Amino acid sequence: MMTAFIFSALGGYLLGSVPFGLVLTRIAGLGDIRKIGSGNIGATNVLRTGRKDLALLTVLLDAFKAGIAALVAKHLVTNEAMIFCEYLTSVNTVAALIAGTAAVIGHNFPVWLRFKGGKGVASAFGFILVLSPAVAGLALLTWLVVAFVTRYSSLSAITAAAMVPFYAFFLSSPVYTVFYTAIALLVLLRHHANIARLIKGEESKISFKKKK
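Residues numbered from 1 in each chain as written. Predicted model: local features only at pLDDT ≥ 70, side-chain atom pairs only at ≥ 80, totals over all residues. Heavy atoms only, no water.

J.: Got a minute to help me understand the environment of Ser-153 in this structure?
T.: By secondary structure assignment, the location of Ser-153 is in helix 8 (residues 153-171). Counting along the chain gives 129 residues from Ser-153 to Leu-24, while the straight-line C-alpha distance between them is 22 Å. When neighbours within four sequence positions are excluded, Ser-153 is seen to be in contact with Trp-143 and Ile-206. (Helix = DSSP H or I, 4+ residues; strand = E, 2+ residues; numbered from the N terminus. Contact = heavy atoms within 4.5 Å.)

And the structure:
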């Protein structure tokens, strides 16, 4: 059982460490994405290159890698009952949660980029979407509402992440809530600079108008 958990964590981390934003922009001949905008490798910074297609593809791939890590672990690990947090669950469920969480951690701290990665929003969403669609759907709805009202992408992500543990508490089992809470805290910590800019009123807003 412990071997399954270790391999789930290792496999998830390595898959999550793949910096798709950086890879796609370099293939497209746009140079090093880390040298423009926020210096982040996520989709938001990829969008600053003016390539909406690459930004969309980055979102999908970043979300896909964490979700697929969870799915692979869930289907490869033996489905045996175990006790976790005083509740009966299964080994493959815990393995999936470990693999998905490790993938999000890998995206945030990729070994290939000296542990300097993205903020994990897309990866966290894809991971939760695969295992708890209802929780992910409410998180997405939260993001959309906050984005429409405030036009702050970072505030939308922060609010959605903060609400995930509450959604999971009512819609998922306790074991899911534990892992989702850890992921939400990581996303919040990765947005510490954004939080500081929001407090100072210096954070940039989303523009819904087409540039001339």
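This is not the end of the story, as more comes after the structure.
J.: Just to check I follow, could you spell out unusual backbone geometry for this structure?
T.: Peptide bonds are trans in most cases, and residues, glycine excluded, mostly fall at negative phi. Unusually for a residue other than glycine, Arg-114 sits at a positive phi of about 55°. Here Arg-114 shows up in the loop between helix 5 (91-108) and helix 6 (121-131). A relative accessible area of 75% places Arg-114 in the exposed class. The residue Phe-115 is not glycine, and still its phi comes out positive at about 65°. Mapping Phe-115 onto the fold places it in the loop between helix 5 and helix 6. Exposure remark for Phe-115: the relative accessible area of 49% places this residue in the partly exposed category. (Buried < 20%, exposed > 50% of the residue type's maximum accessible area, 1.4 Å probe, protein only.)

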